[in-house]
Amino acid sequence: MSSPSFDVIVIGAGPAGLTAGIYLARAKMRTLILNEGTVGGQLVLTHEVANYPGVESTSGYQLATTMRNQAQKFGCTIRSNVSVTKLDLEGETKSVEVNGRETVTAHAVILAPGGRSRTLGVPGESDLRGKGISYCATCDGDFFQDKNIIVVGGGNSALEEAVSLTKYASSVTTVHQFDHFQASAHAVEEAMQNPKISFIMESTIAEFIGQESLESVQVKHIPTGEVTEIAIEGAFIFIGYVPNTETLHGLVDLNQAGEIKVSPFLETNVSGVFAAGDSITKRYRQITTAVADGTVAALSAIDYLSTVSESRTAEEVLHI
Ligand SMILES: Cc1cc2nc3c(=O)[nH]c(=O)nc-3n(C[C@H](O)[C@H](O)[C@H](O)COP(=O)(O)OP(=O)(O)OC[C@H]3O[C@@H](n4cnc5c(N)ncnc54)[C@H](O)[C@@H]3O)c2cc1C
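What this report covers is the structure whose coordinates are included nearby. (Residues numbered from 1 in each chain as written. Predicted model: local features only at pLDDT ≥ 70, side-chain atom pairs only at ≥ 80, totals over all residues. Heavy atoms only, no water.)

**Things to note about the packing of aromatic side chains**
Our working definition: Only centres within 6.5 Å qualify two rings of Phe, Tyr or Trp (six-membered ring in Trp) as a pair; their planes then separate them into stacked at under 30 degrees, edge-to-face at over 60, and tilted for everything else. Only runs of H or I of at least four residues qualify as helices and only runs of E of at least two qualify as strands under DSSP, and these elements are numbered from the N terminus. Here's how the labels work: a residue is buried when its accessible area is under 20% of the maximum for its type, exposed when over 50%, partly exposed in between, all with a 1.4 Å probe on protein chains only. Charge-over-ring placement is defined geometrically: NZ (Lys) or CZ (Arg) within 6 Å of the ring centre, and within 35 degrees of the ring normal.
By the definition in use, this model includes four aromatic pairs. Aromatic side chains phenylalanine 144 and phenylalanine 236 sit 5.2 Å apart centroid to centroid with 75° between the ring planes, which places their arrangement in the edge-to-face category. One end of the pair, phenylalanine 144, is in the loop between α4 (137-140) and β9 (148-152); the other, phenylalanine 236, is in strand β15 (residues 234-237), and 92 residues separate them in sequence. With respect to class, phenylalanine 144 is no different from phenylalanine 236; both count as buried. Connected via pairs of aromatic rings, a cluster forms that spans Phe144, Phe236 and Phe238. When the ring centre of phenylalanine 74 is taken as reference, the NZ or CZ atom of lysine 73 above it lies at 5.1 Å.

What follows is the structure, encoded as structure tokens:
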């Protein structure tokens, strides 16, 4: 085998990538994590994490910082706010071009690029993004002190964030396209019991209206087609996610939704390339599932490296 600069390069420093980094670095693998944006991924958008076992309640930012410190303590190199401009995943040595000018190489790659918020794609949305329309309650909730706002969506994120936004807003109207929610019973109950939250069911957003900033929204009742205009100053949209896999088309197998296809051991169809976290084909996207994926992908990568290098086994490097 040639001598790449790293044993493993991890693409993405969300919970999946950081966990992979912890396991790899602790196993003495020379590990580089490359991340576009802030370390932590979607974690840093999460106001409060209350479902991570062993930690009763913490902020997403704090949890991400602890994961990053833990990975670095074991010797993992983390580079954030970089742009991965080219990936060559074939062959025994994988190469990754960073910022269009520097190439780093490794024996194996773990893809953990996560996902991002889905947009509604209705008139006014892109123009008023950042001018009243937001996809992150933690980032922007404070701007809506004593304002009337809407939340679009009916899953866990929508209802949990609707509740968290009541700390700032005077009223939160939740607009959802179905007659029932997709959120957990606990999230539904908490939102229902909050006196600041009201619900408009079986309805979609037809248009966002505003000049300098958001002023009103047209809400369409799906069964009747009736459109009602509601004066609001803020809109938070939580309607799902899109995997960050656009740059992976043609490099690894993706399904129709753009999710990376993986084996039970989180191998992709390309030898030496593994994937973890929200970007893979799976049903439940949580911090715990991303962390579990990061563990499995790292152990699979270590196993792969032990078979190609013959220098050490996964048991030896893991001390298990
Ligand atoms: C508002 C909100 C609240 C949530 N609340 C909870 C909660 O309370 N509990 C819970 O369990 N889960 C929660 N989640 C879900 C949880 O945050 C995600 O499931 C988890 O962060 C997924 O981890 P990940 O590592 O797969 O991806 P991500 O967290 O998305 O991280 C991926 C990282 O990869 C980077 N990246 C993307 N493409 C590239 C590229 N080409 N090159 C380099 N880097 C790249 C991204 O910038 C990002 O930093 C919440 C999510 C949101 C949005």
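**Quick look at the sheet that holds strand β10 (residues 171-175)**
Note the following rule: Two strands are counted as paired when DSSP detects at least two bridges linking them. By the convention used here, residues are in contact when the closest approach between their heavy atoms is within 4.5 Å. Angles here are taken between N-to-C directions and fall from 0 to 180 degrees, while the axes themselves are lines fitted to C-alpha atoms, restricted in helices to the stretch in contact.
Spatially, the five strands line up as an open sheet ordered β8-β15-β9-β10-β11, and their pairing is parallel. Two strands close off the open sheet at either side, each with one partner strand: β8 (133-134) and β11 (197-200). In the sheet, β10 pairs with β11 via four bridges, with the strands oriented parallel. Bridge pairing links threonine 173 to serine 198 in β11. Here helix α5 (residues 156-165) sits on the sheet in contact with β9, β10, β11 and β15, set at roughly 165° to β9.

**Thoughts on the site of the ligand**
Note the following rule: To be near a molecule or strand, a residue needs just one of its heavy atoms within 4 Å of it. What qualifies as a polar contact is a pair of N or O atoms within 3.5 Å, subject to a donor-acceptor requirement within protein and to the restriction that residues adjacent in sequence count only when both atoms come from side chains. Methods summary: accessible areas were calculated by the Shrake-Rupley approach with a probe of 1.4 Å, and residue burial reflects only the protein chains presented. All amino acids are sorted into three groups, where Ala, Val, Leu, Ile, Met, Phe, Trp, Tyr, Cys and Pro are nonpolar, Asp, Glu, Lys and Arg are charged, and the leftover types, Gly among them, are polar.
As a matter of local geometry, the ligand sits amid 31 residues, with Asn35, Glu36, Gln42, Asp278 and Ile287 nearest to it. Alanine 16 is positioned such that a nitrogen or oxygen atom in its backbone is 2.9 Å from an oxygen atom of the ligand. Contacts to the ligand include asparagine 51, whose side-chain N or O atom sits 3.0 Å from a nitrogen atom. Here the ligand loses 91% of its free accessible area of 1,000 Å² to cover by the protein chains. Among the residues forming the shell around the ligand, the class breakdown is twelve nonpolar, 14 polar and five charged.

**Considerations on the pairing of strand β2 (residues 31-34)**
Cut-off, in case you're wondering: With the strands aimed away from the viewer, a crossover counts as right-handed if its path from the first strand over the helix to the second runs clockwise.
Judged by which residues are buried, β2 turns out to be covered on both faces: Thr31 and Ile33 on one side and Leu32 and Leu34 on the other are all buried. What joins strand β1 (residues 6-11) to β2 is helix α1 (residues 15-26), and the crossover it makes is right-handed. With three bridges joining them, β2 and strand β3 (residues 77-79) adopt parallel strand pairing. Paired with isoleucine 33 across the two strands is isoleucine 78, which belongs to β3. Crossover connection from β2 via helix α2 (residues 60-73) to parallel β3: handedness right-handed.

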